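Structural overview
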Amino acid sequence: RLQRARTPSFSASSPAAVRRHDSLFLDSFNGLTVGQRLIGGISLGGGEAQMLSILEVTESGAETSYEGSSISELVRRGWPSEDRVDGVCRTLRQLADLSRCDFLLRPWRGGYSVRADFVRAVIEPSRVLFLGPWSATFHEFLPEFLRMLHEDDAAKEGGRR
């Protein structure tokens, strides 16, 4: 037989009871309650809550990995002079949404944003930012991609001589 759960209650007339109740839900982050942090994350578009693994590959094939970066950290690091960070965060959130697996190819800031079943990336003229998590197919794709960059770089060097 099912029983209804009782919602805990307290007397709101006692300031001490209210403080005691709130202390149960206080987060150690700036003294904000968990609810306040969640609402803050929503008001920021959730960019603070979503942690990403990012692999940056430059046109020369140099790789830089950023583990556990929030979307806003990535924007500050990757586009330091950007004035309109909301648009950048929105695009990155769309790419990082793991519930979406449909193909996406969208022009973006002189490059493209791409989402496919094995890769999520921002492609710019001088670099590519791959957003994790990475599948087995991506791990097969990456060495081929890097080899292609190095071959292209070698061909450019050979043509200059």
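Here's a quick rundown of the structure. Treat the numbers as computed from the prediction; the structure is a model and nothing was measured. (Residues numbered from 1 in each chain as written. Predicted model: local features only at pLDDT ≥ 70, side-chain atom pairs only at ≥ 80, totals over all residues. Heavy atoms only, no water.)

Quick word on the overall build of the chain
Note the cut-off: For the purposes of this entry, the term helix denotes a DSSP run of H or I that reaches at least four residues, the term strand denotes a run of E that reaches at least two, and both are numbered from the N terminus. Each residue is placed in one exposure class: buried if its accessible area under a 1.4 Å probe, protein chains only, is under 20% of its type's maximum, exposed if it is over 50%, and partly exposed if it falls in between. Residues count as neighbours in contact if any of their non-hydrogen atoms are within 4.5 Å of one another. Note that accessible areas follow from Shrake-Rupley with a 1.4 Å probe, and for residues the cover is restricted to the protein chains shown.
Assigned secondary structure in the chain consists of five helices and six strands. Counting helices and strands in the order they occur from the N terminus, the chain gives α-α-β-β-α-α-β-β-β-β-α. The proportion of buried residues among the 161 residues of the chain is 30%. Considering only contacts within the chain whose residues lie at least 6 apart along the sequence, 35% involve residues at least 24 apart. Carbon and sulfur atoms form 54% of the exposed surface of the chain, whose accessible area is close to 11200 Å².

Quick word on the sheet that holds strand S6 (residues 127-131)
Quick reminder of the rule: Following DSSP output, two strands are said to pair if at least two bridges run between them. The axes are straight lines fitted to the C-alpha atoms, using for helices just the contacting stretch, and the angles between their N-to-C directions are given from 0 to 180°.
Sheet architecture is open: six strands sit in the order S2-S1-S6-S5-S4-S3, paired in antiparallel fashion. Single-partner strands in this sheet number two, and they are strand S2 (63-70) and strand S3 (104-108). Taken over all neighbouring pairs, the strand axes of this sheet differ in orientation by 15° on average, direction set aside. Pairing between strand S5 (residues 120-124) and S6: four bridges, direction antiparallel. Each bridged residue has a counterpart across the sheet, and for valine 122 the counterpart in S6 is leucine 129.

A short note on the packing of helix H3 (residues 71-78) against helix H4 (residues 85-96)
To keep things clear, this is the line we draw: When an angle is under 35 degrees it counts as roughly parallel; over 145 it counts as roughly antiparallel; between 65 and 115 it counts as roughly perpendicular; any other value is oblique. For a crossing to be left-handed, the near helix must be turned anticlockwise from the far one by less than a right angle; the clockwise case is right-handed.
Direction vectors running N to C along H3 and H4 enclose 125°, while the axes themselves pass 10 Å from each other. By the angle class used here, H3 and H4 are oblique. Judged by the twist between their axes, the crossing of H3 over H4 is right-handed. Contacts between H3 and H4 involve Ile71, Ser72, Leu74 and Val75 from the former and Val85, Val88, Cys89, Leu92 and Arg93 from the latter.

What to know about the packing of aromatic side chains
Selection rule: Pairing of aromatic side chains requires ring centres within 6.5 Å, counting the rings of Phe and Tyr and the six-membered ring of Trp. Pairs whose planes differ by under 30 degrees are stacked, by over 60 edge-to-face, and all others tilted. For a ring to carry a charge above it, either NZ of a lysine or CZ of an arginine must fall within 6 Å of the ring centroid while also lying within 35 degrees of the normal to the ring plane.
Counted under the stated rule, the structure contains eight aromatic pairs. Consider the rings of phenylalanine 138 and phenylalanine 141, whose centres lie 6.0 Å apart with planes at 45°: the pair is tilted. Note that phenylalanine 138 and phenylalanine 141 are positioned in helix H5 (residues 136-160) at a spacing of three residues, about one turn of the helix. Between the aromatic rings of phenylalanine 141 and phenylalanine 145, the centroid separation amounts to 5.6 Å while the plane-to-plane angle is 25°, which identifies the pairing as stacked. On the criterion of helical spacing, the pair formed by phenylalanine 141 and phenylalanine 145 is a turn pair, its members being four residues apart in helix H5. Here a set of aromatic residues connected by ring pairs shows up, and it is made of Phe118, Phe130, Trp134, Phe138, Phe141 and Phe145. Of note, arginine 109 hangs over the ring of tryptophan 108, and the distance from its end group to the ring centre comes to 5.2 Å. Geometry around tryptophan 79 places arginine 127 over its ring, the cationic atom sitting 4.9 Å from the centre.

A look at a nonpolar patch on the surface
Heads up, the condition is: Patch building starts from residues that exceed 30% relative accessible area and form no salt bridge, then joins like charges within 9 Å and nonpolar side chains (Val, Leu, Ile, Met, Phe, Trp, Tyr) within 5 Å. Whenever a carboxyl oxygen of Asp or Glu lies within 4 Å of a side-chain nitrogen of Lys or Arg, that contact is scored as a salt bridge.
Side chains of Phe103, Leu105, Tyr112 and Ile123 sit close together on the surface and give an oily, nonpolar patch of about 410 Å² of accessible area. Here isoleucine 123 lies in strand S5. Exposure remark for isoleucine 123: the relative accessible area of 32% places this residue in the partly exposed category.

Observations concerning the nonpolar core
As a rule of thumb, soluble globular proteins bury nonpolar side chains together. Formally: We call a set of buried residues a nonpolar core when its members are Ala, Val, Leu, Ile, Met, Phe, Trp, Tyr or Cys and they connect through side-chain atoms within 4.5 Å of each other.
If you look at the biggest cluster of nonpolar residues, it comprises 17 residues, and the most contacted ones within it are Val75, Trp79, Leu92 and Val122. For this core, the secondary structure elements donating two or more residues are strand S1 (51-58), H3, H4, S3 and S6. In terms of residue count, H4 provides more of this core than any other element does, five residues in total. Residue contacts for valine 122: discarding those within four places in its chain leaves Trp79, Leu92, Leu95, Trp108, Tyr112, Arg127, Val128 and Leu129.

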